[in-house]
Amino acid sequence: MFWGTTGAPTLVALRIVPGSRASPTSCLLRSNIQRRIFVFDLLEIDGHDLRGLPLEQRKQFLARVIPARGPVRFAEHIEQQGAEMFEQVREMGLEGVMAKKANAAYRGGRSDHWLKMRVDRTADFVIAGRALGKGSRGPLGALLLAVQAGEGLVYVGRDGSGFREREIDEILALLGPLEIDGAVPPIELPDRESAGFSNLPNPAETVWAKPELCCEVRFKELTRERLLRHPVFLRM
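Residues numbered from 1 in each chain as written. Predicted model: local features only at pLDDT ≥ 70, side-chain atom pairs only at ≥ 80, totals over all residues. Heavy atoms only, no water.

Caption draft 1: Up close: the overall build of the chain. Looking only at helices and strands, one finds five helices and 17 strands in the chain. The buried share of the chain, reckoned over its 236 residues, is 33%. On the chain, roughly 15100 Å² of surface is accessible, and the fraction owed to carbon and sulfur atoms is 52%. (Helix = DSSP H or I, 4+ residues; strand = E, 2+ residues; numbered from the N terminus. Buried < 20%, exposed > 50% of the residue type's maximum accessible area, 1.4 Å probe, protein only. Areas by Shrake-Rupley, 256 points an atom, 1.4 Å probe, with all protein chains shown as cover.)

Caption draft 2: The arrangement of the side chain of Glu167 in detail. By secondary structure assignment, the location of Glu167 is in helix H4 (residues 165-175). Glu167 has contacts with Gly162, Phe233 and Leu234, leaving out every residue within four places of it along the chain. (Contact = heavy atoms within 4.5 Å.)

Caption draft 3: Main features of the packing of aromatic side chains. Counted under the stated rule, the structure contains two aromatic pairs. With 5.8 Å between their ring centres and 70° between their planes, Phe125 and Phe219 make a pair best called edge-to-face. Here the residue Phe125 occupies a position in strand S9 (residues 121-131), and Phe219 occupies one in strand S14 (residues 214-219), the gap between them amounting to 94 residues. Accessibility classification places Phe125 together with Phe219 in one group, the buried group. Sitting over the ring of Phe61, Arg64 keeps its end group 5.0 Å from the ring centre. (Phe/Tyr/Trp six-rings, centres within 6.5 Å; stacked < 30°, edge-to-face > 60°. Lys NZ or Arg CZ within 6 Å of the ring centre and 35° of its normal.)

Caption draft 4: Structural detail: the pattern of salt bridges. Under the counting rule described, the total for this entry stands at nine salt bridges. For Arg51, the salt bridge identified is with Asp49, shortest N-O distance 2.8 Å. Note that Glu87 is salt-bridged to Arg90, the shortest N-O span being 3.6 Å. Residue Glu87 and its partner Arg90 are located together in helix H3 (residues 82-92), separated by three residues, close to a single helical turn. Residue classification places Arg90 among the partly exposed positions, given a relative accessible area of 40%. (Salt bridge = Lys/Arg side-chain N within 4 Å of Asp/Glu carboxyl O.)

Caption draft 5: Spotlight on unusual backbone geometry. With phi around 65°, Arg226 is a residue other than glycine that occupies positive phi space. Although it is not a glycine, His230 adopts a positive phi angle of roughly 55°. For His230, the position within the fold is in the loop between strand S16 (228-229) and strand S17 (232-235).

Caption draft 6: Broad picture of the nonpolar core. Core analysis: the largest hydrophobic core is formed by 18 residues, its most contacted members being Leu143 and Leu145. When residues of this core are traced back to their parent elements, those giving at least two are S9, strand S10 (142-149), H4 and S14. Not counting residues up to four positions away in its chain, the partners in contact with Leu143 are Ile127, Gly129, Arg130, Gly157, Arg158, Asp159, Phe163, Ile171, Leu175, Cys215 and Phe233. Of all hydrophobic cores here, the second largest spans 12 residues; its members include Val126, Ala131, Ala146 and Tyr155. (Core = buried A, V, L, I, M, F, W, Y, C linked by side-chain atoms within 4.5 Å.)

Caption draft 7: View of the pairing of S10. Sheet topology note: the S9/S10 ladder contains five bridges and is antiparallel. Bridge pairing links Gly129 to Leu144 in S10. In the sheet, S10 pairs with strand S11 (residues 152-159) via seven bridges, with the strands oriented antiparallel. In the sheet register, Ala149 faces S11, and the bridge partner there is Gly152. (Pairing = 2+ DSSP bridges.)

Caption draft 8: Highlighting the state of the cysteines. Summed over all chains, the structure comprises zero disulfides. Free cysteine: Cys214, not disulfide-bonded; nearest cysteine sulfur from Cys215 at 7.5 Å. With a relative accessible area of 44%, Cys214 lands in the partly exposed category. A relative accessible area of 1% places Cys215 in the buried class. (Disulfide = S-S within 2.5 Å.)

Caption draft 9: The arrangement of the confidence of the model for the chain in detail. Confidence along the chain averages 82 in pLDDT terms, with 83% of residues attaining 70 or more. By mean pLDDT, the top-scoring element of the chain is strand S5 (residues 48-49) (95), and the lowest-scoring one is helix H1 (residues 24-29) (44). In this model residues 13-31 is a low-confidence stretch, pLDDT under 50, and it forms 23 contacts with partners more than four residues away in sequence or in other chains. (pLDDT = per-residue confidence, 0-100.)

Caption draft 10: Local environment of the side chain of Arg130. Positionally, Arg130 belongs in strand S9. In this structure Arg130 comes out as buried when scored by relative accessible area, which is 12%. Apart from residues lying up to four places away in sequence, Arg130 is in contact with Pro139, Leu140, Ala142, Leu143, Leu144, Leu172, Leu175, Glu179, Glu205, Thr206 and Val207.

Structure representation (structure tokens):
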């Protein structure tokens, strides 16, 4: 787990610096990012397989082997107050919680013994244009999103998820009259090196539009480059 500038944990720090061939681990070890490893389960100890034991017992063994200090920490848990904890996580702006059955043996992969409960954010964004796609999504691979800033726009990313087939046709019909042939609207783009090539509009595959339409988007968070993380289209 890594801490951002607000003091809250974040996954954005796990991104590899664009253009770097170094691993995420080596990049972070050389950085000043505050980091902790929270261990939440123990499958084996001293050659003894613990996977058949209930989770609560495995965590008892885990608590005995985790140092009291240092970067490796024991992941505490809260019992029978899931709804209250989820609301507190939402208020803190965190990503969500993991709910697990305390009496369940370990089972690899997905199962009904645990549930990932995400806290998503939604907001309205200006549609600054569209990116071309492939196949049946050729006319609309993604929407280019922005926020208003003074007299211009600030680019916040591209959203290629969440569209139903009928919505694609409706969006294209609305965007058509607003599209700017060969011109770029007054929009501020992030630095290409820090944001990464895939996050920025490709001029050869971009059709800009007058910023007169908005859409609601669900997303995880804004990255340090002020780009949307995991955006999903909801509605116009």
